[in-house]
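# Residue-level structure breakdown
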Amino acid sequence: MFRFKLIVLFLATVLGVPRAQATPASGNPTPLNIVLILVDDLGWTDLSCMGSKFYETPHIDRLAAGGMKFTQAYSACTVCSPSRAAVLTGRYPARLHLTDWISGHVRPRAKLKVPEWTQHLEHGETTLAEALGARGYISASIGKWHLGGEAFHPETQGFKLNVGGYFRGQPPSYFAPYKIPTLQEGPDGEFLTDREAAEAVAFIKSNRDRPFFLYLPHYAVHTPIQAKKDAIARYQAKAIPGTGQSNATYASLIESVDESVGRITQTLEDLGLTERTLVIFTSDNGGLLPITSNAPLRAGKGSAYEGGVRVPLIVRWPGVTEAGSVNTSPVMSIDFFPTLMEAVGSTDAARQVDGESLVPLLSSKGSLKRTNLFWHYPHYHPGGATPYGAVRQGDIKLIEHYEDGHLEMFDLANDPGEKLNIANQFPAKRNALAALLGNWREQLNAQMPSTNPDFDPSREKTPSWVVQPRSDASIELHSRDASVHGAMLRYEPQPHKNTLGYWVNANDSAHWDFQVNRAGSYRVEILQGCGPGSGGSRVAFQSGSQSLEIDVIATKGFQDFLKRDIGNLRFDAPGRYSLDVKPLKKPGAAVMDLRQVRLIPSGE
Ligand SMILES: [Ca+2]
């Protein structure tokens, strides 16, 4: 019978100074430093040491050669924010009720209504920085945060230093000026990954004489796919189109991460810290299609399949991990918290986490007690996921699709690409795993989606509902094609109106799905009207994790439309995207009338 029992012990009370700790390896009383490099959206085969024939990652490969490489490591979720919360707390996203990227994808006509989930990391949770801080560690978060607004920034979660972390999940630009409020601007043209590396090096240098925890969640290799020009040219020369991994800009962005790893490992070496620094290198979810390929795994980020959640993982712990070793045990990002607590010798107080310490694997002295890994994603994602849950036991993985309850089962040992659904071949195993998954959800009080009263299969499934680009690649998102979410907002068809109107409720929002055929940057042009006295609403136009914000300008009347350029959105690959228009502040009687939004290729 399944029992949920993974408990890790750690110190809840603050000690003024760290006690000297013996590491399992050396008995060296000097405290261990910790460096956790979390790359964004890096796919399972996006490193040369993980099989890529195109990307070049010599420094990361060297890290792997000096430590242990895991071939079946998983992120706790197929998207960013939940997986980051799991890294920092050791808890499943399902337990945290933080189950989608912040602020999530809206599908108002879908079969299921997604639950009201938590869009920040609760202060009541204990983060790695807090747990290590109680042992005298100084912590820095350098890079992407994506776990809530200012009230939930790293500084409020145990980190002494926050460089560049805020509520957004991607940088407005990888080149300075960055326009990231928590990052002091660099000189024009400075590259963000280089800057993060420099900040990380500076943090290590200034804390070389005390135990430190460096959390380095690089913004790379998330969209917008941008990179330094000289590297791009080199990769262009060797790219073979159609091979899955052939995007030269993406390759160059990966290379910038590799350079960062090189600078950090060199700094540790120069300062004589290598032998007492545990380095973890991993990714927060699978690679994004079609920018990269996770082959032989199925699909990518935002899907229920292995390509969405299987990630590279390298751990180098001198004196503990055997150089060049490879471990095939299934492990997950929830395991870092208990692993690091054990690594620093913390066994003092009880707190429940969902992960299990990897120390027996790292020291090659044992195996894990756990037999199951779970996922819960009660959301929709353009990467292919509809609300689902999954469990892996041994080599068998079961996926439950919440829309209709159908089950898929795969034997990952013989079928890593999840091509053959064996659910009906082995009904006993299938039913046992489905029951296990259900029990697990119940034990964690996981939030489930519910029946959607606005379900409209014709609009949800009809391809024509996805707005198609015009022959010049521009995209016209007209009010008549919007799906409307909320109580009052509606399309008003009268010829003199022909607009989204009655926007009197600040919780109402509009949504479009559309097809992009030409990758690149698009200028966003809107037609807005607003009666005198109602101006000043703040409205966000969100596409994926990009967001443009405007202040509504009052015109002579709600149907007196003003054409406005509101900024640019980037689409890095052809495919299906969405736009949500959401009020953030409504000082007057109504937000605005919105007749249309046009996306016009801006040449890049
Ligand atoms: Ca991510």
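The present account deals with the structure reproduced in this document. Keep in mind it's a predicted model, so treat the numbers as computed, not measured.

Regarding its fold elements, the protein presents 12 helices and 28 strands. Relative to the globule expectation of 25 Å for 604 residues, the C-alpha radius of gyration of the protein, 24 Å, shows essentially globular dimensions. Each principal axis of the C-alpha atoms in the protein carries an extent, and together these give about 80 × 60 × 55 Å. A burial count over the protein gives 51% of its 604 residues as buried.

This part covers the nonpolar core. Counting 131 residues, the largest nonpolar core has Leu36, Ile37, Ala200, Phe213, Leu214 and Leu216 as the members making the most contacts within it. If one sorts the elements of this core by residue count, helix α7 (residues 248-270) sits on top with eight residues. In this view, Ile37 contacts Leu216, Val261, Ile280 and Phe281; residues no more than four positions away in its chain are not counted. Grouped together as the second largest cluster of nonpolar side chains are 31 residues, Val467, Leu500, Phe558 and Met592 included.

What follows concerns the sheet that holds strand β25 (residues 546-551). The five strands are arranged β19-β22-β27-β24-β25 in an open sheet whose pairing can be described as antiparallel. Each edge of the sheet is formed by a strand with only one pairing partner; in this case those strands are β19 (483-485) and β25. Strand-to-strand twist of the sheet, defined as the mean angle between neighbouring strand axes without regard to direction, takes the value 25°. Here three bridges tie β19 to strand β22 (residues 509-516), and the two strands are oriented antiparallel to one another. Bridge pairing in β22 places Val484 opposite Ala510.

Further remarks concern the pairing of strand β5 (residues 138-142). Burial runs high along β5: four of the five residues are buried. The sheet contact formed by β5 and strand β6 (residues 161-163) spans three bridges and is parallel. Of the residues in β6, the one forming a bridge with Ala140 is Leu161.

Here we take up the pairing of strand β9 (residues 310-316). Most of β9 is tucked away, with seven of its seven residues classed as buried. The pairing of strand β3 (residues 68-74) with β9 spans five bridges and is classified as antiparallel. Looking across to β9, one finds that Met68 is bridged to Val315. Across four bridges, strand β8 (residues 277-283) lies against β9 in antiparallel orientation. The residue bridging Thr282 from the neighbouring strand is Leu313, located in β9.

Take the packing of helix α6 (residues 229-238) against α7 next. One can describe the packing of α6 onto α7 by two numbers: an axis separation of 8 Å at closest approach and a directional angle of 125°. Overall, the two elements α6 and α7 adopt an arrangement that is oblique. Between α6 and α7 lies a crossing whose hand is right-handed. Here Ala231, Ile232, Tyr235 and Gln236 of α6 come into contact with α7, specifically with Ala248, Thr249, Ala251, Ser252 and Glu255. Classifying every residue of the contact of α6 with α7 gives five nonpolar, three polar and one charged.

Rules and cut-offs
Residues numbered from 1 in each chain as written. Predicted model: local features only at pLDDT ≥ 70, side-chain atom pairs only at ≥ 80, totals over all residues. Helix = DSSP H or I, 4+ residues; strand = E, 2+ residues; numbered from the N terminus. Rg over C-alpha atoms; globule rule 2.2 N^0.38 Å. Buried ≥ 20, exposed ≤ 12 C-beta atoms within 10 Å, placed from the backbone. Core = buried A, V, L, I, M, F, W, Y, C linked by C-beta atoms within 7 Å. Contact = placed C-beta atoms within 7 Å. Pairing = 2+ DSSP bridges. Axes fitted to C-alpha atoms, helices over the stretch in contact; angles between N-to-C directions. Parallel < 35°, antiparallel > 145°, perpendicular 65-115°, else oblique. Left-handed = near helix turned anticlockwise from the far one by under 90°. Nonpolar A, V, L, I, M, F, W, Y, C, P; charged D, E, K, R; others polar.

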